[in-house]
Amino acid sequence: MSIYDTLNPEQKEAVLHTEGPLLILAGAGSGKTRVLIHRIAYLMEQGVNPWNILAITFTNKAAGEMRDRVDKLVGFGSESVWVSTFHSTCVRILRRYIDRLGFDNSFSIYDTDDQKSVMKEVCKLLQIDTKIMKERYLLSAISRAKDELKGPLDLQLEASENYYQERVMEAYMEYQSQLRKNNALDFDDLIVKTVELFQNCPDVLEYYQDRFRYIMVDEYQDTNTAQFKLIQLLASKYRNLCVVGDDDQSIYKFRGANIKNILNFEEVFPDAKVIRLEQNYRSTQNILNVANGVIRNNMGRKEKRLWTENEEGKPIVFRQFLNAFEEAEYIVEDIRRHVREGEADYQDYAILYRTNAQSRLFEEKLIFANIPYKLIGGVNFYARKEIKDLLAYLKIIDNGRDDLAVRRVINVPKRGIGATTLNRVQDYATAYGIGLYDALLRADEIPGLGRSSSKIRPFTVLIQTMRSKMEYCSLTELMEAVLEETGYRKELELEDTEESQGRLENIDELLSKVTAYEESAETPTLSGFLEEVALVADIDNLESDSNCVVLMTLHSAKGLEFPYVYMVGMEDGIFPSYMSLDAENPEEEIEEERRLCYVGITRSKKELTITAAQQRMIRGQTMYNNISRFVREIPQECMSHVGKKEKQTERQKQATYIQARNNFRAKPFEPKQFTVKKASSLEYSEGDRVRHIKFGEGTVLEITEGGKDYEVRVDFDSAGVKRMFASFAKLRKI
DNA sequence: GGTTGGAAACTTTTT
DNA sequence: GTTTCCAACC
């Protein structure tokens, strides 16, 4: 018996079809990764050199998983198969050849924060009023252009009449020239520049075409135009391109993913073989019915119907709660009960939500219940201030042209170098066409600097010392030296607050990451480390061996599976998000949200619980949302309603809706009036001592009875006299 | 040049 | 409710 006998006929067909273009339409849980791995094994068995095989994924986690599974299945030789993400593949190519495009091979990679700083500078230069045109808007316009492989001039051709478009174009141009000056690339550039390289240098292209004779792309539905072009260029010589995807799981349109790449694959490659994988090995029949019932409402998809031989399973559970507080409480309690009864481990549970902001309540409740959890997303580890500061030092040591990094830390810790000094240096640098750091080296020659030049010297001396240290020190030692010599660690230690403590812990974690890198890399270099760090996503840090409940957004959950899944906050306005409801093309946007819902549902293997709250605080405002339209699309026979709102009548639903609508329309000063329930009497009276949650203790001066509520005047010991509504103030008699 | 407090914006999703 | 930004002050 061979390893291929465990595959079903369609999977087997996909594995054996090695030559020419191949499109695998793989439904959720249909074993697509399995197919890819077996395909790699089969290729090698057929005598294909492992280093001629390229497998591309989107996240490092997916790449790492595939790497492990290939190693297990194939063993010897598998290490030569190139398994990596789009971005790291491009970085590897660019590190070798980007000098052909006039960049230095030790370029920096800019993250979202860095991009914003550059754009700020650009707006200042071009006198763009950022109150009217936000940096974020400009950056996303530029990013969208890059996703489509469009340069500034292409934008100009498209809408030369439009003033705003014109300004975007100018900003785009200036932004690119700033990046070039700093010898830096942003995330999108990694792909764009690689395509550019291939188009300008046929010899380089041919080298990689010969290198990658067999190409496989995972999550193909998420590729954007630039990534498609990249793949197309690489594959055009041997045409052995195998793409795997599911149009129903395309959820990254906002990031430029072009769903046409998968829908039109057969037009671009007319001789493409198409194989559908529709048997699901993950979920119960019932969960699949739910998923099918929801996704059915989308138009313009490739029709497919998931089926399974798995058992029917329990009906999914829908519950509505009064507020988000109770929602979180119930779920945490539910998990705790299951685990205590020995039904499952914590790691079998995932709580999925639409936005990162929703995680907080669950975290609080989980901490309170003493349940270990892992939070994915939110503020990326590498986006934290202290981490970025230290990395900036390393970047300066590594790439002397990274002005942004210099600006970031020239005065961190404080060296008494302020904006005025920095501007003078910048002017000098611009005048002589040199980088900021090089100008700092010549501080003595810069006019108007005066005594400030003496403050600059310690900084440049520090960097120079570090550079020479790099010759004979390990990266860990270098990093330690930076921490000591700059006084960065000392400063935090002296601060000695809870916050600085946390920062120090983060720094320690960074140090251990440096050490780990040095131990694992073949030839560890500073550039190599910075690069690895620039390209990690949060999801990459999800270890499978820790027994934790997992909290993450629906987006992050793609590609994962859990026995028990909670999809929370299922309310119109949250999910689907109000952004999609208010969009110019709501139908299209809601279809994307629906696909996201489909992704969420199909993450669960055994049981799925869907919850909603009647009222919810958003940005300090109470909102009343309808139950999500997606919940209503679920076939009734698959679902059991429980909870006090089990039999919510049409009339009640209507009432909620009207309330919500009124809330939307209400003027800022009267929105909450209908939420007020006037107490029949108050537990305190005039002259009593009371406690307020924020203002502390005080004496009640006066209670006035209004139509809807009592108005109370209190003289607080520390905050003075305040006037407040009794129902909001929640005053307690002492 | 640095610190502080209050206002304003903010949250859809990420390599 | 939280973070970021900016102006006014030290």
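Structure shown above.
Here the structure is a predicted model, which is why all the values come from computation and not from measurement.

## Description of helix 14 (residues 285-295)
Along helix 14, ten of the eleven residues are buried, which leaves the element largely enclosed by surrounding structure. Within the span of helix 14, buried status applies to Gln 285, Asn 286, Ile 287, Leu 288, Val 290, Ala 291, Asn 292, Gly 293, Val 294 and Ile 295. Where helix 14 is buried, its residues meet strand 9 (279-280), strand 10 (307-308), strand 11 (316-323), helix 28 (586-601), strand 16 (604-618) and helix 29 (629-632).

## Some remarks on the protein's contact with DNA strand B
Not every one of the 28 residues close to DNA strand B is listed here, only the nearest: Arg 136, Arg 354, Asn 411, Ala 537 and Met 579. Counting only atoms of DNA strand B within 4 Å of the protein, the sugar-phosphate share comes to 59%. Ser 556 has a polar side-chain atom sitting 3.1 Å from a phosphate oxygen of DNA strand B. Tyr 578 places a polar side-chain atom, nitrogen or oxygen, 2.9 Å from a sugar or linking oxygen of DNA strand B. Within the residue set of the surface near DNA strand B, elements represented by two or more residues are helix 19 (419-432), helix 26 (554-557) and helix 27 (578-581). Among the elements that make up the surface near DNA strand B, the one with the highest residue count is helix 19 (three residues). Residue composition of the surface near DNA strand B, by class: ten nonpolar, eleven polar and seven charged.

## Comments concerning unusual backbone geometry
In terms of backbone geometry, most residues other than glycine have negative phi values and most peptide bonds are trans. Residue Pro 576 follows Phe 575 across a cis peptide bond; omega there is 5°. In this structure, Pro 576 sits in the loop between strand 15 (562-567) and helix 27. For Leu 149, which is not glycine, the phi torsion reads 60° and is therefore positive. For Leu 149, the position within the fold is in the loop between helix 6 (135-147) and helix 7 (152-158). Not every positive phi belongs to a glycine, and Arg 239 is a case in point at roughly 60°. In this structure, Arg 239 sits in the loop between helix 11 (225-235) and strand 7 (241-245).

## Side note on helix 8 (residues 163-181)
Helical periodicity: at 3.6 residues per turn, an α-helix aligns residues three or four positions apart in one direction. With 19 residues, helix 8 should cover 27 Å at 1.5 Å per step; its first-to-last C-alpha distance of 27 Å lies within 8% of that length. For helix 8, every residue scored as buried is listed here: Arg 167, Val 168, Met 169, Ala 171, Tyr 172, Glu 174, Tyr 175, Gln 176, Gln 178 and Leu 179. Packed against the buried residues of helix 8 are strand 4 (108-110), helix 5 (112-126), helix 6, helix 7, strand 5 (184-186) and helix 9 (187-200). Where helix 8 ends, the next residue or the one after it, Asn 183, has phi of about 55°, a positive value.

## Some points on the sheet that holds strand 2 (residues 53-57)
The sheet built from six strands is open, its strands ordered 3-2-6-7-1-8 with parallel pairing. This sheet does not close on itself; its edge strands, each paired only once, are strand 3 (82-85) and strand 8 (273-277). Shown here is a sheet whose adjacent strand axes are inclined to one another by a mean of 15°, direction ignored. The pairing of strand 2 with strand 3 spans four bridges and is parallel. Its bridge partner lying in strand 3, Ile 56 is registered against Ser 84.

## Observations concerning the packing of helix 4 (residues 86-97) against helix 11
Contact geometry of helix 4 with helix 11 gives a least axis separation of 12 Å together with a crossing angle of 55°. Here helix 4 lies oblique to helix 11, going by the angle between them. Crossing hand, helix 4 versus helix 11: left-handed. The residues of helix 11 that touch helix 4, namely those facing Phe 86, His 87 and Cys 90, are Gln 227, Leu 230 and Ile 231. Along the lines of polarity and charge, the residues of the contact of helix 4 with helix 11 split into four nonpolar, two polar and no charged.

## Considering the packing of helix 14 against helix 28
At their nearest, the axes of helix 14 and helix 28 sit 9 Å apart, and the two run at 175° to each other. Relative to helix 28, the element helix 14 is oriented roughly antiparallel. Together, Ile 287, Val 290, Ala 291, Val 294 and Ile 295 of helix 14 and Arg 594, Arg 595, Cys 597, Tyr 598 and Ile 601 of helix 28 make up the contact between the two elements. When grouped by side-chain class, the residues that make up the contact of helix 14 with helix 28 number eight nonpolar, no polar and two charged.

Cut-offs used in this document
As a convention, each chain's residues are numbered from 1 in the sequence order in which they are written. Going through the entries in the order they are written, you letter the chains from A and number the ligands from 1. Per-residue local features are limited, in this predicted model, to residues with pLDDT of at least 70; the limit for side-chain atom pairs, both in listing and counting, is 80 or more; totals at the level of whole chains, interfaces and linings are taken over all residues. Only hydrogens and water are set aside when side-chain values are computed; all heavy atoms of the structure are taken into account. Under the scheme applied here, a residue whose accessible area is under 20% of the maximum for its type counts as buried, over 50% as exposed, and between as partly exposed, the area being computed with a 1.4 Å probe on protein chains only. In DSSP terms, a helix is any run of H or I states spanning at least four residues, a strand is any run of E spanning at least two, and both are numbered starting from the N terminus. Only heavy atoms enter the contact rule, under which two residues are in contact if any of them lie within 4.5 Å. Consider each residue's heavy atoms; a residue with any of them within 4 Å of a molecule or strand counts as near. In protein, a polar contact requires one atom able to donate a hydrogen and another able to accept it; more generally it is a pair of N or O atoms within 3.5 Å, and residues adjacent in sequence count only if both atoms are side-chain atoms. Residues are sorted three ways: Asp, Glu, Lys and Arg are charged, Ala, Val, Leu, Ile, Met, Phe, Trp, Tyr, Cys and Pro are nonpolar, and all the rest, Gly among them, are polar. A helix's residues, less one, multiplied by 1.5 Å, set its expected span. The rule for pairing is simple: two strands pair if DSSP sees at least two bridges between them. In this description, a line fitted to the C-alpha atoms serves as the axis of each element, helices being fitted only across the stretch in contact, and the angle between N-to-C directions of two axes falls anywhere from 0 to 180 degrees. For classification purposes, angles smaller than 35 degrees are called roughly parallel, those larger than 145 roughly antiparallel, those between 65 and 115 roughly perpendicular, and all remaining angles oblique. By convention the crossing between two helices is left-handed if the near helix lies anticlockwise of the far one by an angle smaller than a right angle, and right-handed if it lies clockwise.

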